[in-house]
Amino acid sequence: MIAFGIGTVRGSPVDSPMSRLRIFLLSPAHCGGKRAAILLNERATFPLAQRLHSSSGVTLGEAFSFLSGLYFRGKLAYADRFARPPVDQRGVLVITTDRGLLAADAPVGARELREFGTVDIRPDHPGYREPLARDLARLSQDADADVVLLGSVATGKYVDVLLEFMGERLLFPREFVGRGDMSRGALLLRAVREGKELVYEPVAGAIRHGRRAAKVGPP
């Protein structure tokens, strides 16, 4: 069983001190594209695919890092670096299409990955919404940590459900506004390399669209 935790937000924007407990929610990788087909090919010979089809499987983070490349790799590295969860709770949770929130190190196999690709990420889709709402309800009961979304806030596919349960306690990196996926991935990897956490602000009431941000150098 995965343990959860959530905290209150004090002020806006939120530039939380290092002493604040922090849990990260990572948006999922696309499981129905060309890279998914490569990974799910039972004749593939590269190590990750072979492990995916074995009895041991791979971690969710490994699979999504392959599917999404720089963006998910940046989200995972950043969350691993800066997560400060309450005792006995997970600091990095991944939003999935049909299983709610899963730990980034949760094992998955080819069957789970195929199933992820069959469910639409829409707030009104029961297969997506109900497991996520179940886990968010549990997450919202604990007031010990901030919760930061590493994912798009420009559309409602994630934030509509998250805001129902988290309200102003749901944060996101201010510098995500105006950036595409690749730029966000590079930004996150640079923050990890420099050991400097980004500034967060509540999703509720935030400006979610903005002018294109300056490019980030190579990660």
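Here the structure is a predicted model, which is why all the values come from computation and not from measurement.

Peer 1: Account for the overall build of the chain, naming residues and giving values.
Peer 2: Regarding its fold elements, the chain presents 8 helices and 8 strands. Looking at the chain as a whole, 52% of its 219 residues qualify as buried. Contacts in the chain between residues far apart in sequence, at least 24 positions, make up 77% of those at least 6 positions apart. For the chain, the accessible area works out to roughly 10400 Å², and carbon and sulfur atoms hold 51% of it.

Peer 1: Explain the nonpolar core residue by residue, including any values.
Peer 2: Formed by 65 residues in total, the largest nonpolar core has its most connected members in Phe 24, Phe 64 and Leu 113. The dominant element in this core, judged by the number of residues it contributes, is helix α4 (residues 70-82), at 6 residues. Beyond its immediate stretch of four places on either side in the chain, Leu 113 contacts Cys 31, Leu 39, Leu 40, Leu 52, Ala 63, Phe 64 and Leu 67.

Peer 1: Tell me about the sheet that holds strand β4 (residues 101-103), residues and numbers included.
Peer 2: Taken together, 6 strands build an open sheet; the order of strands is β4-β3-β1-β6-β7-β8 and the sheet is mixed. Taken across any chain shown, the strands that pair with only one partner, and hence form the sheet edges, are β4 and β8 (200-202). Strand after strand, the sheet turns through a mean of 35° between neighbouring axes, direction not considered. Across 2 bridges, the pairing between strand β6 (residues 146-150) and strand β7 (residues 170-173) is parallel.

Peer 1: Lay out the packing of aromatic side chains with the relevant residues and their values.
Peer 2: With the rule as written, the count across this model stands at 6 aromatic pairs. Between Phe 64 and Phe 116 the ring centres are 6.0 Å apart and the planes differ by 65°, which places this aromatic pair in the edge-to-face class. Of this pair, Phe 64 sits in helix α3 (residues 60-68) while Phe 116 is found in helix α5 (residues 110-116), placing the two residues 52 residues apart along the sequence. Each member of the pair, Phe 64 together with Phe 116, is buried. When the ring of Tyr 78 is compared with that of Phe 82, the centres are 4.7 Å apart and the planes differ by 55°; the resulting orientation is tilted. Of this pair, Tyr 78 and Phe 82 both sit in helix α4, separated by 4 residues, roughly a single helical turn.

Peer 1: Could you give an account of the environment of Asp 146, naming the residues involved and the relevant values?
Peer 2: For Asp 146, the location among the structural elements is in strand β6. Under the relative-accessibility criterion, Asp 146 is labelled buried at 1%. Spatially, the C-alpha atom of Asp 146 lies 6.2 Å from that of Ile 23, the residues being 123 residues apart in sequence.

Peer 1: Just give me the short version of unusual backbone geometry, but keep the residues and values in it.
Peer 2: Backbone geometry follows two general trends: most residues other than glycine have a negative phi, and most peptide bonds adopt the trans configuration. Even without being a glycine, Asp 88 presents a positive backbone phi close to 65°. If you trace the backbone, Asp 88 turns up in the loop between α4 and β3 (92-95).

Peer 1: Requested: an account of the pairing of strand β1 (residues 22-26), with residues and values cited.
Peer 2: Within β1, 5 of the 5 residues are buried, which leaves the element mostly enclosed by the surrounding structure. Both faces of β1 are covered, namely the face carrying Arg 22, Phe 24 and Leu 26 and the face carrying Ile 23 and Leu 25. Across 5 bridges, the pairing between β1 and β6 is parallel. Note that in β6 the partner of Phe 24 across the bridge is Val 148.

Peer 1: Describe the side chain of Ser 27, with residues and values.
Peer 2: Among the secondary structure elements, Ser 27 is positioned in the loop between β1 and α1 (34-40). Ser 27 gets classed as buried once you look at its relative accessible area, which sits at 2%. A distance of 2.6 Å separates a polar atom in the side chain of Ser 27 from a polar atom in the side chain of Lys 75. When neighbours within four sequence positions are excluded, Ser 27 is seen to be in contact with Tyr 71, Phe 72, Lys 75, Ile 95, Leu 150, Gly 151 and Tyr 158.

Peer 1: Quick rundown of the packing of α3 against α4? Include the residues and the values.
Peer 2: Packing of α3 against α4 leaves a shortest axis separation of 6 Å and a crossing angle of 145°. Along its contact with α3, which presents Gly 61, Phe 64, Ser 65 and Ser 68, the element α4 presents Leu 70, Tyr 71, Phe 72, Arg 73 and Leu 76. Residues belonging to the contact of α3 with α4 are distributed by class as follows: 5 nonpolar, 3 polar and 1 charged.

Conventions we followed
- Residues numbered from 1 in each chain as written.
- Predicted model: local features only at pLDDT ≥ 70, side-chain atom pairs only at ≥ 80, totals over all residues.
- Heavy atoms only, no water.
- Helix = DSSP H or I, 4+ residues; strand = E, 2+ residues; numbered from the N terminus.
- Buried < 20%, exposed > 50% of the residue type's maximum accessible area, 1.4 Å probe, protein only.
- Contact = heavy atoms within 4.5 Å.
- Areas by Shrake-Rupley, 256 points an atom, 1.4 Å probe, with all protein chains shown as cover.
- Core = buried A, V, L, I, M, F, W, Y, C linked by side-chain atoms within 4.5 Å.
- Pairing = 2+ DSSP bridges.
- Axes fitted to C-alpha atoms, helices over the stretch in contact; angles between N-to-C directions.
- Phe/Tyr/Trp six-rings, centres within 6.5 Å; stacked < 30°, edge-to-face > 60°.
- Polar contact = N/O pair within 3.5 Å; in protein donor to acceptor, adjacent residues only side chain to side chain.
- Nonpolar A, V, L, I, M, F, W, Y, C, P; charged D, E, K, R; others polar.

Structural measurements only, silent on function.
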